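Inside the fold
Listed below are the residues making up each chain.
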Amino acid sequence: MATLHLIDYCNPVIVLKPSIKSIFIKTDNRNYGGASRVRIVPRACLQKPSLTRRHLLADTAAISVAPLILGIESPAKSEEPVLAEWERVYLPIDPGVVLLDIAFVPDDLNHGFLLGTRQTIMETKDGGNTWVPRSIPSAEDEDFNYRFNSISFRGKEGWIVGKPAILLYTSDAGESWERIPLSAQLPGDIVYIKATGENSAEMVTDEGAIYVTSNRGYNWRAAVQETVSATLNRTVSSGISGASYYTGTFNTVNRSPDGSYVAVSSRGNFYLTWEPGQPYWQPHNRAVARRIQNMGWRADGGLWLLVRGGGLYLSKGTGISEDFEEIPVQSRGFGILDVGYRSKLPMEEAWAAGGSGILLRTTNGGKTWTRDKAADNIAANLYSVKFIDNKKGFVLGNDGVLLRFLG
């Protein structure tokens, strides 16, 4: 610890490591911004001091550096950044958990569930302000550490899927969950599920299999005739760049409101689309030089495309397209990992999130983006942006990081 040198005018000697209480008189202890502000006043001596130039200089220097050394003038800075439109929600989970999906009961938007790795299921009943771990006995019977990938509600019916293959169903808004058996011959791991109607759902595997059910998941019907691997092996001569190097799984898959899908190959060297009624996935060459990180649907029905290294592209027009234009973004070289649209026309507000706490916002459909610099100090990768409606949104990251939209 640094030594504070003070001169006693009555007895001119150097005092080493003095007691703060004995040297200073505390005259004001009001609270300013969470830190105590203390006025420092030298204790007067009883005798008239004999001032010299050396004494005066030493005393002035000591008093001027005292606040810096003792750290009592400047209020302490908060370790957490203050976000303009988001707040961090602290979760009672292991910091190594990666959050993967979130959903709320449509009839009660205060009641929701949050999924993640390491068999993480969290529940909230206050709109996402606080979360508690939720135990589902049917998911704990076996000695597996499940990765819960996706959740979806329609009315009071809800579905959860995970890896290794597991399917959970509720008909009472999540008060109880039952496990529905799945075939051991299921191609790939289930990465997405969507509740589509009463007793009905649609699920997708990372090998491109799409299945639909209309009887609470007891029977499933294939919506495509073959997996993506089979499609590419059959059409490898069709001119799809990188198809011969396809490893057989998706990196990401996203569904549009009308039921169309866009998926990115695991290597990011091309992408695939599927529309209801098509027998096969349709592969597409990427229109950009860098490999694709993720793709999804804009509020107007067009596509957005993220490339590794932080680039963002928007398709020209709506619907499925191979024609994209690059949009300048301030990503600082970190990858942008997801885009979530908060509102539709005319404003078309959206948020993008990525590595090292990147948060970007657009209010014109993606033509221009601004960075929320307050989020730069969040020590986490932000993987997913989810808006339940235009007032409720969340950003999911690694290490149990969850951001809640304030609006």
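Residues numbered from 1 in each chain as written. Predicted model: local features only at pLDDT ≥ 70, side-chain atom pairs only at ≥ 80, totals over all residues. Heavy atoms only, no water.

With that settled, consider the overall build of the chain. Summing up its helical and strand segments, the chain has three helices and 34 strands in all. Partitioning the intrachain contacts of the chain with sequence separation of at least 6 by distance along the chain shows that 45% fall at a separation of at least 24. Put simply, the chain shows about 20,300 Å² of open surface, and 49% of that area lies on carbon and sulfur atoms. (Helix = DSSP H or I, 4+ residues; strand = E, 2+ residues; numbered from the N terminus. Contact = heavy atoms within 4.5 Å. Areas by Shrake-Rupley, 256 points an atom, 1.4 Å probe, with all protein chains shown as cover.)

Moving on: the sheet that holds strand E27 (residues 324-327). Within a sheet, each strand pairs with its neighbour through backbone hydrogen bonds, oriented either parallel or antiparallel. Spatially, E24-E25-E26-E27 is the arrangement adopted by the four strands of the open sheet, whose pairing is antiparallel. Strand pairing shows two members of the sheet lacking a second neighbour, strand E24 (292-297) and E27, which therefore form its edges. Within this sheet the neighbouring strands show an average axis-to-axis angle of 25 degrees, counted without direction. (Pairing = 2+ DSSP bridges. Axes fitted to C-alpha atoms, helices over the stretch in contact; angles between N-to-C directions.)

Within the element layout of this structure, Glu85 appears in the loop between helix H2 (53-70) and strand E7 (86-89). Exposure remark for Glu85: the relative accessible area of 17% places this residue in the buried category. In this structure the side chain of Glu85 is engaged in a polar contact, spanning 3.1 Å, whose partner is the side chain of Arg361. Contact partners of Glu85, with chain neighbours within four places excluded, come to Trp351, Arg361, Asp372, Arg404, Phe405, Leu406 and Gly407. (Buried < 20%, exposed > 50% of the residue type's maximum accessible area, 1.4 Å probe, protein only. Polar contact = N/O pair within 3.5 Å; in protein donor to acceptor, adjacent residues only side chain to side chain.)

Core analysis: the biggest nonpolar cluster contains 16 residues, and Ile121, Phe148, Ile151, Phe153, Ile160, Leu168 and Trp177 have the highest contact counts within it. The element that contributes the greatest number of residues to this core is strand E12 (residues 147-154), accounting for three residues. If sequence neighbours within four positions are ignored, Ile160 has contacts with Leu115, Ile121, Phe148, Ser150, Ile151, Ile166, Leu167, Leu168 and Trp177. (Core = buried A, V, L, I, M, F, W, Y, C linked by side-chain atoms within 4.5 Å.)

Moving on, we come to the pattern of salt bridges. This model, assessed by the stated rule, comprises 13 salt bridges. Glu123 serves as the salt-bridge partner of Arg134, at 3.1 Å between the closest nitrogen and oxygen. Here the residue Arg134 occupies a position in the loop between strand E11 (132-133) and E12, and Glu123 occupies one in strand E10 (residues 120-124), the gap between them amounting to eleven residues. In terms of burial, Arg134 and Glu123 fall into one category: buried. The salt bridge partner of Lys163 is Asp189, with a shortest N-O separation of 3.5 Å. Separated by 26 residues along the polypeptide, Lys163 in strand E13 (residues 157-163) and Asp189 in the loop between strand E15 (178-179) and strand E16 (190-197) bring together distant segments of the chain. In the salt-bridge network here, residues are joined through shared partners; they are Glu85, Arg342, Glu349 and Arg361. (Salt bridge = Lys/Arg side-chain N within 4 Å of Asp/Glu carboxyl O.)

It is worth spelling out unusual backbone geometry at this point. Along the chain, Lys163 connects to Pro164 via a cis peptide bond; the corresponding omega equals -5 degrees. Relative to the assigned elements, Pro164 resides in the loop between E13 and strand E14 (166-170). Phi is positive for Ala173, which is not a glycine, with a value near 60 degrees. Looking at the secondary structure, you find Ala173 in the loop between E14 and E15.

Quick look at the confidence of the model for the chain now. On average, residues of the chain carry a pLDDT of 81, and 75% of them reach 70 or more. In this model residues 60-81 is a low-confidence stretch, pLDDT under 50, and it forms 30 contacts with partners more than four residues away in sequence or in other chains. (pLDDT = per-residue confidence, 0-100.)

Moving on to the pairing of strand E21 (residues 261-265). Along E21, five of the five residues are buried, which leaves the element largely enclosed by surrounding structure. Neither face of E21 is open: one carries Tyr261, Ala263 and Ser265, the other Val262 and Val264, and all of them are buried. The pairing of strand E20 (residues 250-255) with E21 spans five bridges and is antiparallel. Paired with Val253 across the strands is Ala263, a residue of E21. Linking E20 to E21, which pair antiparallel, is a turn of five residues; within it Gly259 sits at a positive phi near 95 degrees. Pairing geometry for E21 and strand E22 (residues 270-274), over four bridges, is antiparallel. Opposite Val264, over in E22, you have Tyr271 as the bridge partner. Hairpin remark: E21 followed by E22, antiparallel, with four residues in the connecting loop; positive phi at Gly268, about 75 degrees.

For the structure on display, the rule yields 20 aromatic pairs. Measuring from centroid to centroid gives 5.1 Å for Trp86 and Phe405, while their planes differ by 65 degrees, and the two rings are edge-to-face. Taken together, the residues span a long stretch of sequence, with Trp86 in strand E7 and Phe405 in strand E34 (residues 402-405) at a distance of 319 residues. The exposure class of Phe405 is buried, given its relative accessible area of 2%. Centre to centre, the rings of Trp159 and Trp220 are 6.3 Å apart; their planes meet at 70 degrees, and the pair counts as edge-to-face. Placement of the pair is Trp159 in strand E13 and Trp220 in the loop between strand E18 (210-213) and strand E19 (221-222), with a sequence separation of 61 residues. Owing to a relative accessible area of 0%, Trp159 belongs among the buried residues under this scheme. You can call Trp220 partly exposed: its relative accessible area is 22%. (Phe/Tyr/Trp six-rings, centres within 6.5 Å; stacked < 30°, edge-to-face > 60°.)

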